[in-house]
Amino acid sequence: MNFFRGVMGGQAPGPQPSGAETIQRLCDRVASSTLLDDRRDAVRALKSLSKKYRVEVGSQAMDHLINILQTDRSDSEILGYALDTLYNIICNDEEEEQDLVAPIPASGKHKNVSMADENAQKQADDLGAQFTDRFIQDPEHVTLLLALLEEFDFHVRWPGVKLLTALLKNQGVQVQGIILVSPMGVSRLMDLLADSREVIRNDGLLLLQQLTKSNAAIQKIVAFENAFERLLDIITEEGSSDGGIVVEDCLLLLLNLLKNNSSNQNFFKEGSYIQRMKPWFEVGDDNSGWSAQKVTNLHLMLQLVRVMVSPVNSPGATASCQKAMYQCGLLQQLCTILMATGVPADILTETINTVAEVIRGSQVNQDYFSSVNAPSNPPRPAIVVLLMSMVNERQPFVLRCAVLYCFQCFLYKNKKGQGEIVATLLPSTIDANSISAGQLLCGGLFSADSLSNWCAAVALAHALQDNLTQKEQLLRVQLATSLGKPPVSLLQQCTNILSQGSNVQTRVGLLILLCTWTSNCPIAVTHFLHNQENVPFLTAQISENLGEDERLVQGLCALLLGICIYYNDNSLENYTKEKLKQLIEKRIGKENFVEKLGFITKHELYSRAAQKPQPIFPSPEQMLFDHEFTKLVKELEGMITKAVHKSSEEEKKEEEVKKTLEQHDNIVTQYKELIREQDAQIQELKEQVSSASSQNEQMQVTITQQLSQIQQHKDQYNILKLKLGKENQSQGDGSQVNGLQTEELTQLRKEVEELRKEYTLLQTQLSGKDELINTLKAEGSVGGSDNTELLKELEALRSQVQSQIAEIDCMKTERQELLRRAEAGASNPVPDGDGWSDTAKIAELESRLAAQTTETERLKEEAKMSSESRVEMEQQHASATSTAAILQTENAKLQTDLQESKKEQDDLLMLLADQDHKILTLKKRLKDLGETVDDEDDLDARDQTDDDDEEEYYEDED
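Cut-off values and rules
- Residues numbered from 1 in each chain as written.
- Predicted model: local features only at pLDDT ≥ 70, side-chain atom pairs only at ≥ 80, totals over all residues.
- Heavy atoms only, no water.
- Helix = DSSP H or I, 4+ residues; strand = E, 2+ residues; numbered from the N terminus.
- Expected span 1.5 Å × (residues − 1).
- Bend = angle between axes of the 7 residues up to and from the residue.
- Buried < 20%, exposed > 50% of the residue type's maximum accessible area, 1.4 Å probe, protein only.
- Polar contact = N/O pair within 3.5 Å; in protein donor to acceptor, adjacent residues only side chain to side chain.
- Salt bridge = Lys/Arg side-chain N within 4 Å of Asp/Glu carboxyl O.
- Patch = residues over 30% accessible without salt bridge, like charges linked within 9 Å, V, L, I, M, F, W, Y side chains within 5 Å.
- Areas by Shrake-Rupley, 256 points an atom, 1.4 Å probe, with all protein chains shown as cover.
- Contact = heavy atoms within 4.5 Å.
- Lys, Arg positive; Asp, Glu negative; His and termini not counted.
- Core = buried A, V, L, I, M, F, W, Y, C linked by side-chain atoms within 4.5 Å.
- pLDDT = per-residue confidence, 0-100.
- Axes fitted to C-alpha atoms, helices over the stretch in contact; angles between N-to-C directions.
- Parallel < 35°, antiparallel > 145°, perpendicular 65-115°, else oblique.
- Left-handed = near helix turned anticlockwise from the far one by under 90°.
- Nonpolar A, V, L, I, M, F, W, Y, C, P; charged D, E, K, R; others polar.

J.: Can you break down helix α38 (residues 627-645) residue by residue, with the values?
T.: If you check α38, its first and last C-alpha atoms are 28 Å apart, about what 19 residues at 1.5 Å a residue would give, namely 27 Å. At Leu636, α38 shows its largest kink, close to 30°. Every buried residue of α38 is accounted for by His627, Glu628, Phe629, Thr630, Leu632, Val633, Leu636, Ile640, Ala643 and Val644. The backbone nitrogen of Glu628 lies 3.3 Å from a side-chain oxygen of the residue at the head of α38, namely Asp626.

Pasting the structure below:
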């Protein structure tokens, strides 16, 4: 254990081993020792040497340390030592690098890094990357490290987090790829944010920052692991903008997740997380004494807002975020900071940029911004206050750039705002008692500060961008130059300053304004050419061979002259298109003109301005190009080049072609309008068809319901018929009991049934004829002869019905007579004419009495029995009397039921007639709609078949 004493502080006698030898012995001990305590002590010793002997420990002990991680997972202490050692040899932090030394020579004397040359320093800086490459050669090592992060023990989890962070810093792309394919790899790392120990949670934030850099796939996974909710909760717990470094780390991680990631931005918006950003920007009245950390936090928060509404995002996503920010009050809160006092300059600048992008292209937000007033006395619009800062040369350069950007965003696709700005310059709207935006722009346009000239010119150009109406309105603006002199137009004053040979930046700004003003506006071109000095000045500027600084001015002059050719309406005889082209050919030369025109796009600052709408320049002198103007140059350059090279004949042909095209366009426009009208008609017809289809479906449903109701009525009718038949049957049975002959009753029942069938058939025919008459009446038929025949036939049928009713009444009379005969038979046991059977019985009894006088006792008993039978007969007589009364009551009830049944049949007939009328109407509408409908004959055949089936059914029942 001598080498342990040498490492831990004790001095062994004799020559001391070198650092490399000591490390080698420790590595052997780690590899060969079977006792866990020995291995733990050896790893602890390697940890203490790893900072001083980084190269030796990394080259000799890395494999042994990885093996420890794999085999000794049950001992958290040795795992912590191994992870700390690996972190020391892989980490490239500054505090670690300052202890780096060169490789140990044989003599054991060290050479300090500060004394090494640049190659040695570079080699030392690459040590972390080399050791990282060696560690991640086997992806299982990273997977093992992810598994160790699940250990809750602080001595394992914390060094594991630091080690993985160092690996990501050195070889981020490779480690990200390994973590991405590792099962639950990202989820394990997200669990670090929920750790109750702040040091692990905070280092977990740093780890996730490195993990999410430039990897959209991992960013999406982290976002869907509820990262936004957790990070916003941490920011709120830490005090929002007043929080410490942890808030800054959370904001940096949010920026990583949202920047250039449309999926996460949409998830952030849909999750209503934009609303949770509003409390971040609530500042008090006392804004003095902002800490550096608060400034940093608020700066990152503003950047986070800008990420959501950046112009590089898709227009739809940006618009939805802008809408959400206005609705939740975030824009209002930002405008409050904008107008507050005591806000640091860099925060104010970033707030202006943020407000600019929140309102850019959003009409609602732009209208709100135009209504914001500064808390001054009297109140002034926020736009006026900002423009005052822009044209003030004492304000910081970045602040003036931010105000210009905000003004540009306010006017972007905002014709209403453009009209309001130009209106402040018109004579009828100028208020001498207040400062307007137009007055500030004119003041900046003609001030002695070249940057103010450029900013004012570009701002005014944005008020004219793609707005022909305002270009024409601005021609009305008149300026008073000095007392006693007549006013001059704004266009003329710009050309006057341009010809005076002022600063390059001023001339560039004025040329940008004039090019924007005259493009696509022939009236402005005519006004410009009306001044006889303008064209000679432009040709002189273009034709001269000037230095590098003047090349841009020459290019812009060529562009302005080209615009005067391309948008010339030939209203001035001296400056028609053809004469201007001849002037270019004589004074400048077409090739030279095109070359000077190309100076614009070849300028080094042109491409920088074309990248982003926000004007970002390192110094005021380099502020020469505007983003929107670069798009205008790109659009006009090719057209002007073609226009200059065209001859007069080509111009005439082109004009003829244009006229022809205009005619064709007019024809096409007419056809388009016709097609549009036809489309509208087709759409209307489609709607009508859709409505008719829906009505058809409703009618079909109605028909089905009506048919079901008809079937129900039929069923009810059949049930009534069956009930009536059963009652008649029970009546017949009662009659038989009271002494009527069975054959007579059966015959009578059959006759009544036949009469009922005939009656039913006649009623059916009658209902059919009534329905036919109703149908003919509904269809508006005026066939008088047919109606007369039908009426005659109806009267005949009615007479038949009356005769049948009379026959039924006759049958009822006979039935009543039979009932009376039954009563007579019950009350008179021995009638005069019909009681011959009873007389024979009495004679037989008398003969028996005469023949059997010897059986007196038996006769007495028979007499007694006869008296009893007489009592019984009297009882039967009373019973028959009561039965007759019951039968009469039932007969009256049957008559009532018959009348009710008849009434219900009439109602049913009326209902069926109404249903048939509705069905015919629906059939007609269905035929009009093109639907296939069965003919009436088919339906009649089906009805006849149904009636036959019903008759057969009732015959079977009988």
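J.: Break down the pattern of salt bridges for me, with residues and values.
T.: Any two side chains of opposite charge can pair if their charged atoms end up close together. As enumerated under the stated definition, the model contains 22 salt bridges in all. A salt bridge links Asp41 to Arg44; its shortest N-O distance comes to 2.6 Å. Taken together, the residues Asp41 and Arg44, both in helix α3 (residues 36-50) and 3 residues apart, mark about one turn of the helix. Two residues, Arg507 and Glu550, come together in a salt bridge whose shortest N-O distance is 2.8 Å. Placement of the pair is Arg507 in helix α30 (residues 504-518) and Glu550 in the loop between α32 (534-543) and α33 (551-566), with a sequence separation of 43 residues. The exposure classification of Arg507 matches that of Glu550, with both residues buried. One connected set of salt bridges, linked through shared partners, spans Asp37, Arg40, Asp75 and Glu77.

J.: Describe in detail the environment of Phe537, supporting the description with residues and values.
T.: With respect to the element layout, Phe537 can be found in helix α32. Judged by its relative accessible area of 19%, Phe537 falls in the buried class. In this structure, the C-alpha to C-alpha distance between Phe537 and Ser499, residues 38 residues apart in sequence, is 7.0 Å.

J.: Break down a nonpolar patch on the surface for me, citing the residues and quoting the values.
T.: Together, Ile667, Tyr671, Leu674 and Ile675 make up a nonpolar patch on the protein surface, roughly 370 Å² of accessible area in all. Structurally, Ile675 is set in helix α39 (residues 648-737).

J.: How would you explain helix α13 (residues 198-211) if you had to name every residue and give the values?
T.: The first and last C-alpha atoms of α13 sit 19 Å apart over 14 residues, in line with the 20 Å expected at 1.5 Å per residue. With 11 of 14 residues buried, α13 is to be regarded as a mostly interior element. Residues of α13 that are buried in the fold lie against α10 (154-170), α11 (172-181), α12 (185-190), α14 (216-224), α15 (227-237) and α16 (245-258).

J.: Tell me what's going on with the side chain of Lys162, and back it up with residues and numbers.
T.: Looking at the secondary structure, you find Lys162 in helix α10. Despite its burial, Lys162 pairs with no opposite charge, the nearest such side chain being Asp84 at 4.4 Å. Excluding residues within four positions of it along the chain, Lys162 makes contact with Asp84, Tyr87 and Asp203.

J.: Residue-level account of the nonpolar core, with values.
T.: Membership of the largest hydrophobic core comes to 210 residues, with the highest contact counts inside it found for Leu164, Ile179, Leu189, Trp280, Phe281, Phe369 and Leu559. Counting residues per element, this core draws most heavily on helix α24 (residues 397-411), at 12 residues. Those residues in contact with Phe369, other than ones at most four positions away along the chain, are Cys335, Leu338, Val355, Ile359, Ile383, Leu386, Cys406 and Phe410.

J.: Please provide a residue-by-residue account of the confidence of the model for the protein, values included.
T.: Residues shown with low pLDDT carry predicted positions that ought not to be read at fine detail. Of all residues in the protein, 73% have pLDDT values of 70 or greater, and the mean over the chain is 80. Counting contacts from residues 1-11, a segment whose pLDDT is below 50, to residues more than four positions away or on other chains yields 15 contacts. Across residues 780-787, confidence stays below pLDDT 50; counting only partners more than four residues off in sequence or on other chains, it has 2 contacts.

J.: Give me the lowdown on unusual backbone geometry, citing residues and values where you can.
T.: At Asn260, a residue that is not glycine, the phi angle is positive and equals roughly 60°. We classify Asn260 as exposed; its relative accessible area is 65%. Of note in this structure, Asp466 is not a glycine but carries a positive phi near 55°. Tracing the backbone shows Asp466 in the loop between α27 (450-464) and α28 (468-474). Here Asp466 falls in the exposed class, since its relative accessible area comes to 62%.

J.: Which residues make up the packing of α32 against α33, and what values go with them?
T.: Geometrically, a packed helix pair is captured by the angle between its two axes and the distance between the axes. At a minimum axis distance of 9 Å, the contact between α32 and α33 shows a crossing angle of 140°. The pairing of α32 with α33 is recorded here as oblique in orientation. Between α32 and α33 the crossing geometry is left-handed. Seen from α32, the contacting residues are Leu538, Thr539, Gln541 and Ile542; seen from α33, they are Val553, Gln554, Cys557, Ala558, Leu560 and Leu561. Among the residues forming the contact of α32 with α33, the class breakdown is 7 nonpolar, 3 polar and no charged.

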